[in-house]
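These are the residues of each chain, in order.
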Amino acid sequence: MVKANAYGHGLERSVRALAAADGYAVLELADAIRLRMAHPRQPVLLLEGFFRSEEPALLLEHSITPVIHSPEQIRMLVGAGRAAAPRSMEVYLKVNSGMNRLGFSGEAVGAAYRALAAQACVRRITLMTHFADADGAAGVAAQLARFEGDVAGLAGLRSLANSAALLRFAQTRADWVRPGIMLYGGSPFAGRSAQELGLRPVMHLSTELIAVQSLAPGDRAGYGQSYVAARPMRIGIVACGYADGYPRHAPNGTPVLVCGKRAGTVGRVSMDMMCVDLSAIPEARIGSEVTLWGEGGLAADEVAAAAGTVSYELFCALAERVTVIEKGEPAAPGGGQGG
Ligand SMILES: *Cc1c(COP(=O)(O)O)cnc(C)c1O
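Here goes a summary of the coordinates provided. Note on numbering: residues in each chain are counted from 1, in written sequence order. The predicted nature of this model means local features are confined to residues of pLDDT at least 70 and side-chain atom pairs, given and counted, to a pLDDT of 80 or more, with totals for whole chains, interfaces and linings taken over all residues. Where side-chain values are given, they derive from all heavy atoms of the structure, hydrogens and water being excluded.

Side note on unusual backbone geometry
Next, step 1: Cis geometry marks the peptide bond from Ala85 to Pro86, where omega comes out at 5°.
Next, step 2: Here Pro86 lies in the loop between helix 5 (71-84) and strand 4 (89-95).
Next, step 3: Positive phi is not limited to glycine here, since Asn5 has a value of about 55°.
Next, step 4: Of the residues examined, Asn5 reaches a relative accessible area of 42% and is grouped as partly exposed.
Next, step 5: Of note, the phi angle at Asn100 is positive, near 60°, even though the residue is not glycine.
Next, step 6: Numbering of helices and strands runs from the N terminus; a helix is a DSSP stretch of H or I covering at least four residues, while a strand is a stretch of E covering at least two. With respect to the helices, strands and loops of the structure, Asn100 is situated in the loop between strand 4 and helix 6 (107-117). Between buried and exposed lies partly exposed: a residue is buried under 20% and exposed over 50% of the maximum accessible area for its type, with that area taken using a 1.4 Å probe on protein chains only.

Set out below in structure tokens:
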């Protein structure tokens, strides 16, 4: 899954790193076409399919696989297929097994399947569904049962699992899996760390201290003056804020590494700056390295949890203004740092 600019990691660079993948999935048609040009071999899946009548012809031309989730799409496909003959495409037929966003359910699944199978432009139908709570208490059992019931007797490969299902429910692996967050080193589970799952961070967000302030008891820091120093303390001013993608709602004490050591944020995150408590880091000074998340033992998941969100959102929010440095893979297993 390289949708949403590869979860904020950059589509092209991520696909280069994932050159061995069996296929790629995106949201935008333009991205699908770009991927197809660069990677003629692998299937490219368009996760929400198409929305305009002129789009199926482009999918046929570029051999892109749409997800079909509505009768409107089937109608558009029928028209385009005739015009594009003898071209044909693969499609994924989306079954709504309980997420209730996209897809067919019940009787409508078989009807959609037969309508698609009758089109000369449809070469192969893969049956898919998406789990709403593979990481949570509900798990996948009810949705899996509903899916199996709805597709009973229909021929085709199956694609079911996101990261959480893939890691937690081996029975969902089926023919195609759709890992997303785990590729980027994020944990899909609130209660299990990426490290515990053997996932390495891909994005490392770091910056520097650009100022250091000494506060006396009663002094305040940042907008709204919400943080009040209880004792004499040093705070560092970090060159990163919500304009870089750091979550504005991160509360006091959200973990940050300064000089590789843990510190906590103080006061409100501003557009391009935030403050950290340097009490435990006497060596910190202007220019000291600050890690917002990534390598060094500070997982994006942990920062996300402190800010009331998930690593998906932190990654996707990474702003364009942030300079990206691509690191290579370690030369040998066990040596060096992954990029
Ligand atoms: C995003 C997405 C996934 C991947 O989900 P992760 O939780 O990131 O692994 C899988 N399937 C569909 C349909 C998706 O939209």
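Digging into the nonpolar core
Inside soluble globular proteins, nonpolar side chains tend to come together where they are buried.
Next, step 1: We define the nonpolar core as a collection of buried residues of types Ala, Val, Leu, Ile, Met, Phe, Trp, Tyr and Cys that are connected through side-chain atoms lying within 4.5 Å of one another. By size, the foremost hydrophobic cluster in this structure holds 92 residues, and its most contacted members are Tyr246, Val258 and Trp293.
Next, step 2: Membership of the second largest hydrophobic core comes to 10 residues, among which are Leu215, Met233, Ile235 and Val266.

Re the packing of aromatic side chains
Next, step 1: Think of it this way: a Phe, Tyr or Trp ring, Trp meaning its six-membered ring, pairs with another when their centres are within 6.5 Å, and the plane angle makes it stacked under 30 degrees, edge-to-face over 60, tilted otherwise. For the coordinates displayed, the defined rule picks out 3 aromatic pairs.
Next, step 2: Considering the side-chain rings of Tyr7 and Tyr184, the 4.8 Å spacing of their centres and the 20° angle between planes classify their relative orientation as stacked. In this pair, Tyr7 sits in helix 1 (residues 3-7) while Tyr184 sits in the loop between helix 8 (163-168) and strand 7 (205-215), placing the two residues 177 residues apart along the sequence.
Next, step 3: A relative accessible area of 6% means that Tyr7 is categorised as buried.

A look at the site of the ligand
Next, step 1: Summary of the distance rule: residues count as near a molecule or strand when at least one heavy atom falls within 4 Å of that molecule or strand. The immediate surroundings of the ligand are formed by Met1, Lys3, Tyr7, Leu47, His130, Asn162, Ser163, Arg178, Pro179, Gly180, Ile181 and Tyr312.
Next, step 2: Between the ligand and the protein, one listed contact pairs an oxygen atom with a side-chain N or O atom of Lys3 at 2.6 Å.
Next, step 3: Two N or O atoms form a polar contact when they lie within 3.5 Å of each other; inside protein one atom must be a possible hydrogen donor and the other a possible acceptor, and for residues adjacent in sequence the pair counts only when both atoms belong to side chains. One of the side-chain N or O atoms of Ser163 is found 2.5 Å from an oxygen atom in the ligand.
Next, step 4: For the accessible areas, the method is Shrake-Rupley and the probe is 1.4 Å, while residue cover comes only from the protein chains on display. Considered on its own, the ligand offers 390 Å² of accessible surface; in the complex 91% of this is hidden by protein.
Next, step 5: Residue composition of the shell around the ligand, by class: 6 nonpolar, 4 polar and 2 charged. Gly counts as polar in this scheme, as do all residues outside two lists: the nonpolar Ala, Val, Leu, Ile, Met, Phe, Trp, Tyr, Cys and Pro, and the charged Asp, Glu, Lys and Arg.

Details of the sheet that holds strand 2 (residues 44-46)
The strands making up a sheet are joined through hydrogen bonds of the backbone, oriented either antiparallel or parallel.
Next, step 1: Strand order in the open sheet made by the 6 strands is 1-2-3-4-5-6, with parallel pairing throughout. Only two strands of the sheet have a single partner each, and these edge strands are strand 1 (24-26) and strand 6 (158-159).
Next, step 2: Both strand 3 (residues 65-68) and strand 4 contribute to a ladder of 2 bridges, which runs parallel. Residue pairing in the sheet places Val67 in a bridge with Tyr92 of strand 4. When DSSP finds at least two bridges between two strands, those strands are taken to pair.

A closer look at the pairing of strand 5 (residues 122-129)
Side-chain positions along a regular strand alternate between the two faces of the sheet.
Next, step 1: With 6 of 8 residues buried, strand 5 lies mostly within the body of the structure.
Next, step 2: For strand 4 and strand 5, the ladder comprises 7 bridges, and the chain directions are parallel. Across the sheet, residue Val91 finds its bridge partner in strand 5, namely Ile125.
Next, step 3: If the strands point away from the viewer and the path from the first strand over the helix to the second runs clockwise, then the crossover is right-handed. Crossover connection from strand 4 via helix 6 to parallel strand 5: handedness right-handed.
Next, step 4: In terms of strand pairing, strand 5 meets strand 6 through 2 bridges, oriented parallel. Residue pairing across strands places Leu127 opposite Arg158, the latter belonging to strand 6.

Some thoughts on the packing of helix 4 (residues 55-62) against helix 5
Next, step 1: Here helix 4 crosses helix 5 at 50°, and the two axes come no closer than 8 Å. As the angle between them shows, helix 4 and helix 5 are arranged oblique. Crossing angle aside, the handedness with which helix 4 passes helix 5 is right-handed. Contacts from Pro56, Ala57 and Leu60 in helix 4 reach Met76, Leu77, Ala80, Gly81 and Ala84 in helix 5. Orientation is described by lines fitted to C-alpha atoms, with helices fitted over the stretch in contact, and by angles between N-to-C directions that extend from 0 to 180 degrees. Note on terminology: angles under 35 degrees are roughly parallel, angles over 145 are roughly antiparallel, angles of 65 to 115 are roughly perpendicular, and the others are oblique. It is the rotation of the near helix from the far one that decides the hand of a crossing: anticlockwise by less than a right angle makes it left-handed, clockwise makes it right-handed. Residue contacts follow a heavy-atom distance rule, with two residues in contact if any of their heavy atoms lie within 4.5 Å.

Considering the side chain of Ser187
Next, step 1: Following the sequence through the fold, Ser187 ends up in the loop between helix 8 and strand 7.
Next, step 2: Engagement of the side chain of Ser187 in a polar contact is seen with the backbone oxygen of Arg192, the distance being 2.5 Å.

Details of the environment of Arg114
Next, step 1: Looking at the secondary structure, you find Arg114 in helix 6.
Next, step 2: Here the alpha-carbon distance between Arg114 and Asp301, two residues 187 residues apart in the chain, equals 43 Å.

Some thoughts on the pairing of strand 7
Next, step 1: In the sheet, strand 7 pairs with strand 14 (residues 289-293) via 4 bridges, with the strands oriented antiparallel. If you follow Thr207 over to strand 14, its bridge partner there is Val290.
Next, step 2: Two strands pair when backbone bridges link them, and strand 7 and strand 10 (residues 233-238) are joined in this way by 6 bridges, in the antiparallel orientation. Looking at the pairing, Ser214 lines up with Arg234 of strand 10.

As for the sheet that holds strand 10
Next, step 1: Sheet architecture is closed into a barrel: 6 strands sit in the order 7-10-13-12-11-14, paired in antiparallel fashion. For this sheet the average axis-to-axis angle between neighbouring strands, irrespective of direction, equals 45°.
Next, step 2: When strand 11 (residues 255-258) meets strand 14, the two strands line up antiparallel, connected through 2 bridges. Among the inter-strand pairings, Leu257 is bridged to a residue of strand 14, identified as Thr291.

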